[in-house]
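Topology and contacts: notes
Here's the letter readout for the chains.
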Amino acid sequence: MSRIEVSEHELLYRLKQGDELAFKDIYDKNWKFLFSLALQKVNSTETAEEIVQNIFIDLWEKRTSKEISNLKAYLATAVRYSVINYIKNQLVK
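In this report, the structure presented in the accompanying data block is examined. (Residues numbered from 1 in each chain as written. Predicted model: local features only at pLDDT ≥ 70, side-chain atom pairs only at ≥ 80, totals over all residues. Heavy atoms only, no water.)

Considering the pattern of salt bridges
As a working rule, side chains carrying opposite charge can pair if their charged atoms are close by. Using the following cut-off: The working definition used for a salt bridge is a side-chain nitrogen of Lys or Arg within 4 Å of a carboxyl oxygen of Asp or Glu. Labels follow the DSSP assignment, with helices taken as runs of H or I lasting at least four residues and strands as runs of E lasting at least two, numbered in each case from the N terminus. Buried means the residue's accessible area, taken with a 1.4 Å probe over protein chains only, is under 20% of the maximum for its type, while exposed means over 50%, and partly exposed covers the values in between.
Per the counting criterion, the structure on display carries five salt bridges. Of the charged contacts, one joins Glu67 and Lys16 as a salt bridge, the two residues approaching to 2.8 Å between their closest N and O atoms. Taken together, the residues span a long stretch of sequence, with Glu67 in the loop between helix H3 (45–61) and helix H4 (71–92) and Lys16 in helix H1 (residues 8–16) at a distance of 51 residues. The exposure class of Glu67 is exposed, given its relative accessible area of 69%. Overall, the relative accessible area of 27% leaves Lys16 in the partly exposed class.

Let's talk about the side chain of Lys66
What counts here: Pairs of N or O atoms are called polar contacts if they sit within 3.5 Å, as long as, within protein, a hydrogen donor faces a hydrogen acceptor (for residues adjacent in sequence, only side-chain-to-side-chain pairs). It only takes one pair of heavy atoms within 4.5 Å for two residues to be counted as in contact.
Mapped onto the secondary structure, Lys66 falls in the loop between H3 and H4. A distance of 2.9 Å separates polar atoms of two side chains, one belonging to Lys66 and the other to Tyr74. Residues contacting Lys66, with those up to four places away along its chain left out, are Lys16, Asp58 and Tyr74.

Observations concerning unusual backbone geometry
Of note, the phi angle at Asn43 is positive, near 55 degrees, even though the residue is not glycine. If you trace the backbone, Asn43 turns up in the loop between helix H2 (20–42) and H3. On the accessibility criterion, Asn43 (67% relative accessible area) is exposed.

Describing the nonpolar core
For clarity, the cut-off: We call a set of buried residues a nonpolar core when its members are Ala, Val, Leu, Ile, Met, Phe, Trp, Tyr or Cys and they connect through side-chain atoms within 4.5 Å of each other.
Residues Ile26, Phe56, Leu59 and Leu75 are the most contacted members of the largest nonpolar core, which totals 22 residues. Elements represented by at least two residues in this core include exactly H1, H2, H3 and H4. For this core, the element with the most residues is H2, which contributes seven residues. Every residue in contact with Phe56, bar those within four places of it in the chain, is listed here: Phe23, Ile26, Tyr27, Asn30, Trp31 and Leu34.

Quick look at H1
Inclusion rule: Here the arc refers to the set of directions running from the helix axis out to each C-beta atom.
Turning to H1, its buried residues number three or more, namely Leu11, Leu12, Arg14 and Leu15. Projected down its long axis, H1 shows its buried positions confined to an angular sector of 165 degrees, all on one face. Buried residues in H1 make contact with H2, H3 and H4. After H1 finishes, the residue Gly18 shows a positive phi value of roughly 90 degrees.

So, the layout of surface pockets
So the rule is basically this: Using protein atoms alone on a 1 Å grid, points that fit a 1.4 Å probe yet trap it form a cavity, whereas open point sets bounded by protein on both sides within 12 Å along at least five of seven lines form a pocket; residues with an atom within 4 Å of a point count as lining. Grid points are joined across faces, edges and corners, and a volume is the space filled by probe spheres set on the points. Each residue receives one of three labels: charged for Asp, Glu, Lys and Arg, nonpolar for Ala, Val, Leu, Ile, Met, Phe, Trp, Tyr, Cys and Pro, and polar for the others, Gly being one of them.
If you add up the space inside the largest pocket, you get close to 230 Å³. In terms of lining, the largest pocket is formed by 13 residues, of which the most central are Glu50, Ile51, Asn54, Ser82 and Tyr86. Those elements that provide at least two residues to the lining of the largest pocket are H3 and H4. When residues in the lining of the largest pocket are grouped by element, the largest group, seven residues, is from H4. A class-by-class count of the residues in the lining of the largest pocket yields five nonpolar, six polar and two charged. Empty space within the second largest pocket amounts to approximately 170 Å³. As for the second largest pocket, its lining consists of Glu8, His9, Leu12, Tyr13, Leu15, Lys16, Leu59, Arg63, Lys66, Glu67, Ile68 and Ser69. A per-element tally of the lining of the second largest pocket places H1 first, with six residues.

Below, the structure written as structure tokens:
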């Protein structure tokens with residue numbers, strides 16, 4: 001069965017309502033892009049996977065309080081800051 005393509009606005013609305021299928025759609029459409037962004041910076045598949053996983057966990061857990069107008073930009077920014085935090089933690093170690 002094929003699913004009908006829905007707008008980003010609709011996906012974000014459904015996500016706020018706790019719709020797991022909307023979350024899955026967001027994940028499926030964006031994980032490769034986010035993974036490649038993280039991998040370029042950290043040069044570790046495992047670390048890049050962990051960064052992306054944590055971003056999606058945070059998105060789901062804080063779905064009712066997040067005000068997102070541009071999903072792709074929001075997720076890319078989340079990767080950027082997660083990578084910065086990862087690098088800072090590595091420097092401390």
